[in-house]
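# Coordinate inspection notes
Listed below, chain by chain, are the residues.
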Number of protein chains: 2
Amino acid sequence: MIKARIVVTLKNGVLDPQGKAIEGALSNLGFSGVGGVRQGKVFDVVLDGDDKAGAKERLSQMCEKLLANTVIENYSVEIA
Amino acid sequence: MIKARIVVTLKNGVLDPQGKAIEGALSNLGFSGVGGVRQGKVFDVVLDGDDKAGAKERLSQMCEKLLANTVIENYSVEIA
């Protein structure tokens with residue numbers, strides 16, 4: 001069994017209105033000195049088998065096909 | 001300037017229909033051997049200043065007050 005974490009974040013330069021809203025909300029709550037917030041997604045995936053190199057390859061394909069929009073998002077795959 | 005990453009995940013035992021849907025979609029796309037998917041959120045926060053210990057404390061407060069629903073979610077704070 002392989003546990004992996006995939007993190008999908010917006011590419012630099014892509015507007016993130018959700019992050020901006022969070023920044024405003026933090027400021028309204030009294031948190032000062034926040035220079036920026038960007039929101040992304042995380043997927044914790046459990047795979048059968050023990051082939052870590054193969055798993056990384058499969059997880060990258062999952063990102064390309066489903067989990068990330070590679071036009072505007074980057075992804076990183078981390079095997080635990 | 002301090003860069004931090006906050007990861008918010010559902011606690012064990014909390015149902016994750018979105019993760020289940022992703023699992024089904026992966027299976028439909030031909031990815032076999034997926035044992036489970038749980039979706040979470042990630043926040044990349046930039047803070048002013050250089051006090052890493054203080055920043056970690058402030059980021060935890062942000063999670064408690066806004067970023068995470070601590071009834072059903074765990075959070076982790078990581079300073080880059």
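A short tour of the structure in this document, coming up. (Residues numbered from 1 in each chain as written. Chains lettered and ligands numbered in written order. Predicted model: local features only at pLDDT ≥ 70, side-chain atom pairs only at ≥ 80, totals over all residues. Heavy atoms only, no water.)

## Overview of the interface of chain A and chain B
Much of the literature gives interface size as the accessible area that the parts lose upon coming together. Contacts between chain A and chain B engage 32 residues on the former and 32 residues on the latter. Across the chain A/chain B interface, buried area totals approximately 2600 Å², and carbon plus sulfur atoms make up 65% of it. Together, F31, V42 and L66 of chain A form the three largest contributors to the area buried by chain A at its contact with chain B, with a combined 19%. In this structure, the connection of chain A to chain B is made through 0 salt bridges. Those elements that provide at least two residues to the side of chain A that touches chain B are β1 (2–10), α1 (17–28), β2 (34–47) and α2 (52–67) of chain A. Taken together, the residues that form the side of chain A that touches chain B break down as 17 nonpolar, 8 polar and 7 charged. Here β2 of chain A pairs with strand β2 (residues 34–47) of chain B via 13 bridges, running antiparallel. (Contact = heavy atoms within 4.5 Å. Buried area = accessible area lost by both parts, 1.4 Å probe. Salt bridge = Lys/Arg side-chain N within 4 Å of Asp/Glu carboxyl O. Helix = DSSP H or I, 4+ residues; strand = E, 2+ residues; numbered from the N terminus. Nonpolar A, V, L, I, M, F, W, Y, C, P; charged D, E, K, R; others polar. Pairing = 2+ DSSP bridges.)

## Observations concerning α1 of chain A
Residues and elements named next belong to chain A. Compared with an ideal rise of 1.5 Å per residue, which puts 12 residues at 16 Å, α1 spans 16 Å between its outermost C-alpha atoms and is within 8% of the ideal. Among the residues of α1, those classed as buried are G19, I22, E23 and L26. With its buried residues spanning 105° around the axis, α1 presents them on a single face. Across from the buried face of α1, at angles greater than 90 degrees, the exposed residues are P17, K20 and N28. One or two steps after α1, the chain reaches G30, where phi turns positive at roughly 100°. (Expected span 1.5 Å × (residues − 1). Buried < 20%, exposed > 50% of the residue type's maximum accessible area, 1.4 Å probe, protein only. Arc of directions from axis to C-beta.)

## Some remarks on the environment of D50 of chain B
All names here are of chain B. In this fold, D50 is placed in the loop between β2 and α2 (52–67). With 48 residues separating them along the chain, D50 and I2 place their C-alpha atoms 6.2 Å apart. Apart from residues no more than four positions distant in its own chain, D50 is found in contact with M1 and I2. A polar side-chain atom of D50 sits 3.4 Å from the main-chain amide nitrogen of M1. (Polar contact = N/O pair within 3.5 Å; in protein donor to acceptor, adjacent residues only side chain to side chain.)

## Description of the relation of the copies chain A and chain B
Superposing chain A onto chain B takes a rotation of 180° combined with a translation of 0.0 Å along the rotation axis, leaving an RMSD of 0.0 Å. Overall, the copies show the geometry of a two-fold rotation axis. Across chain A, the smallest distance between a C-alpha and the rotation axis is recorded for K41 of chain A, namely 2.3 Å. (Least-squares fit on C-alpha atoms with pLDDT ≥ 70 in both.)

## A closer look at α2 of chain A
For α2 of chain A, with 16 residues, the first-to-last C-alpha span of 19 Å runs short of the 22 Å given by 1.5 Å per residue. Looking only at α2 of chain A, the buried set comprises A55, L59, M62, C63 and L67 of chain A. One side of α2 of chain A holds all its buried residues, which, seen down the axis, span an arc of 100°. Opposite its buried face, α2 of chain A presents the exposed residues A53 and K65 of chain A, each directed more than 90 degrees away. Residues of α2 of chain A that are buried make contact with β1, β2 and β3 (73–79) of chain A together with α1 (17–28) and β2 of chain B.

By themselves, these observations are geometric and do not establish any function.
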